[in-house]
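# Commentary on secondary and tertiary structure
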Amino acid sequence: MVLGRKLRMGMVGGGPGAFIGEVHRKAARMDGQIELVGGAFDINPEKSKQMSKVLYLDPNRCYSCYQEMIEQELKRPEGERMDFVAVTTPNNWHYPIARDLLEAGFHVMCEKPMTISVQEARSLVQIVQKTKRVFGLMHNYTGYPMVKLARDMVKNGELGKIRKIIVQYPQGWLATALERTGQQQASWRTDPKQSGGSGCGGDIGTHAENLSEYITGLKMTHLCAELTTFVKGRKLDDDVNCLVKFNNGAKGVLHASQISVGEENNLAIWIYGEKGGLEWHQEHPNYLYVKPMGKPMQVWKRGNDYVAAYSPAAARATRLPFGHPEAFIEAFANIYCNFADTIRARMEGRKPDPLALDFPDVHDGLRGMLFLDTLLASAKSKQKWTPFKK
Ligand code: NAD
């Protein structure tokens, strides 16, 4: 059976003035495979209505809350319901919303960090296994073609055995008490009830953790961390400094910060093996720096035939010819593309293309929560070096 139509997307979060919901909407429609049909866009039902007007959506599919959305969508004939729902709310809502959606039979795309506790994350793993729904997690940095190329180079042994990984995610936007001005994104991110146990660690440290595990295929096993709150009166950390041990013996340094004045989104990674090194910068994502031992450094550029020949995953994640930069929204779209192809294959009763399975999932979400749990335990402890829980 060929589905022969776009996938129907619903959304929770992404109301007026929200940040990431709009990025999801733009990215999801980029390849013409997905259409947004409705949602519960805001914690305030009036604002949710306002958003659906701006988006010219069917007013019958604008809901006052996600529970109403689930209830009303289930009343529609099976072939007319939303196929999947994107959860783009603050962190504390991810678990209850994703859980209820999965149990009602919807596929889910969820923002990171997946939950606010390891317990919730483990529960979500079980729910995904039980319901057999497709679950995507928006660790968008794994959607970049040059990150996929880096992953394939490491997998093919170009660097030899990995010895050292440096990953950083410095920002400067919370260098002052922005949350006290009422700024929406700062307000909930610095509130432990909505954000979780770690502010900076949860918001951007998890991206650094996920990126290093994705590219290297290694798992972090131990952390030695210090969390600092530089801004007076703030309830959560705004700076993370951390040493890392990986499961093959590699060592690493991970730092993330929201008080590094002048930095924007300076996520970057350096990976060193016995035979060579790699370097990638999120703010210049179309280049991958490759450093084979004893040879001049190479700059691999997105969109070139040599990239496509080396990495089918990078080729699949590329839309424009070289020299026309692709970046943040395209990376989200690449996650959506693989997620949607996997759902489509499921609905058509066939196996997905193996390349389509390349998107972060519920297990990556659990890794993120284990990382945060270990980070917090290490920061509080005297002995510092702290193993990940099994
Ligand atoms: P935001 O404050 O800009 O938007 C959150 C939206 O969710 C608001 O419209 C709010 O009204 C709505 N909302 C809150 N509770 C709701 C509920 N119960 N039902 C319906 N709507 C609800 O926040 P943001 O910056 O867009 O972040 C949202 C999520 O996305 C967070 O989990 C954050 O960690 C994640 N995020 C990820 C990335 C990324 O690069 N992957 C970037 C930014 C944010």
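Anyway, here's the lowdown on the structure attached to this text. Remember, predicted model here, so these are calculated numbers, not experimental data.

### Considerations on the overall build of the protein
Counting its regular elements, the protein contains 13 helices and 14 strands. Relative to its length of 390 residues, the protein is compact, with a C-alpha radius of gyration of 21 Å against a globular reference of 21 Å. Principal-axis analysis of the C-alpha atoms places the extent of the protein at approximately 65 × 50 × 40 Å. Residues classed as buried in the protein amount to 54% of the 390 residues present. Pairs at least 24 apart in sequence give 69% of the contacts found in the protein among residues at least 6 apart. On the protein, roughly 16,800 Å² of surface is accessible, and the fraction owed to carbon and sulfur atoms is 54%.

### Considerations on helix α13 (residues 362-380)
Over its 19 residues, α13 extends 27 Å from the first C-alpha to the last, a length consistent with the 27 Å expected when each residue adds 1.5 Å. Residues of α13 that are buried: Val362, Gly365, Leu366, Arg367, Gly368, Met369, Leu370, Phe371, Leu372, Thr374, Leu375 and Ser378. Where α13 starts, the residue carrying a side-chain oxygen 3.0 Å from the main-chain nitrogen of His363 turns out to be Asp361.

### What about the nonpolar core?
Of all hydrophobic cores here, the largest spans 76 residues; its most connected members are Phe135 and Leu288. Residue contributions to this core peak at seven residues, all from α13. Here this core spans two domains, since at least three of its residues come from each of domain 1 (7-141 + 335-361) and domain 2 (142-322 + 368-380).

### Things to note about unusual backbone geometry
Trans peptide bonds make up the majority, and among non-glycine residues the majority have a negative phi. Between Lys112 and Pro113 the backbone carries a cis peptide bond, its omega angle lying at -15°. Tracing the backbone through its elements, the reader meets Pro113 in the loop between β4 (107-110) and α5 (118-131). In this model, Tyr56 sits at a positive phi of 55°, which is unusual for a non-glycine residue. Here Tyr56 shows up in the loop between α2 (45-54) and α3 (66-75). With a phi angle near 70°, Lys384 is a residue other than glycine that sits in the positive phi range. Its location among the elements puts Lys384 in the loop between α13 and β14 (386-387).

### Some thoughts on the site of the ligand
Around the ligand there are 30 residues in total, and Phe19, Ile20, Asn91, Asn140 and Gln185 lie nearest to it. Compared with its free state, where it exposes 850 Å², the ligand has 94% of that area covered by protein. Elements supplying a minimum of two residues to the shell around the ligand: β1 (7-13), α7 (184-189), α9 (199-216) and α12 (328-348). If one sorts the elements of the shell around the ligand by residue count, α7 sits on top with four residues. Of the residues in the shell around the ligand, the class split is 14 nonpolar, eleven polar and five charged. When residues of the shell around the ligand are sorted by domain, at least three fall in each of domain 1 (7-141 + 335-361) and domain 2 (142-322 + 368-380).

Here is what the cut-offs are and how they apply
- Residues numbered from 1 in each chain as written.
- Predicted model: local features only at pLDDT ≥ 70, side-chain atom pairs only at ≥ 80, totals over all residues.
- Heavy atoms only, no water.
- Helix = DSSP H or I, 4+ residues; strand = E, 2+ residues; numbered from the N terminus.
- Rg over C-alpha atoms; globule rule 2.2 N^0.38 Å.
- Buried < 20%, exposed > 50% of the residue type's maximum accessible area, 1.4 Å probe, protein only.
- Contact = heavy atoms within 4.5 Å.
- Areas by Shrake-Rupley, 256 points an atom, 1.4 Å probe, with all protein chains shown as cover.
- Expected span 1.5 Å × (residues − 1).
- Polar contact = N/O pair within 3.5 Å; in protein donor to acceptor, adjacent residues only side chain to side chain.
- Core = buried A, V, L, I, M, F, W, Y, C linked by side-chain atoms within 4.5 Å.
- Domains from an automatic or database assignment.
- Near = heavy atom within 4 Å.
- Nonpolar A, V, L, I, M, F, W, Y, C, P; charged D, E, K, R; others polar.

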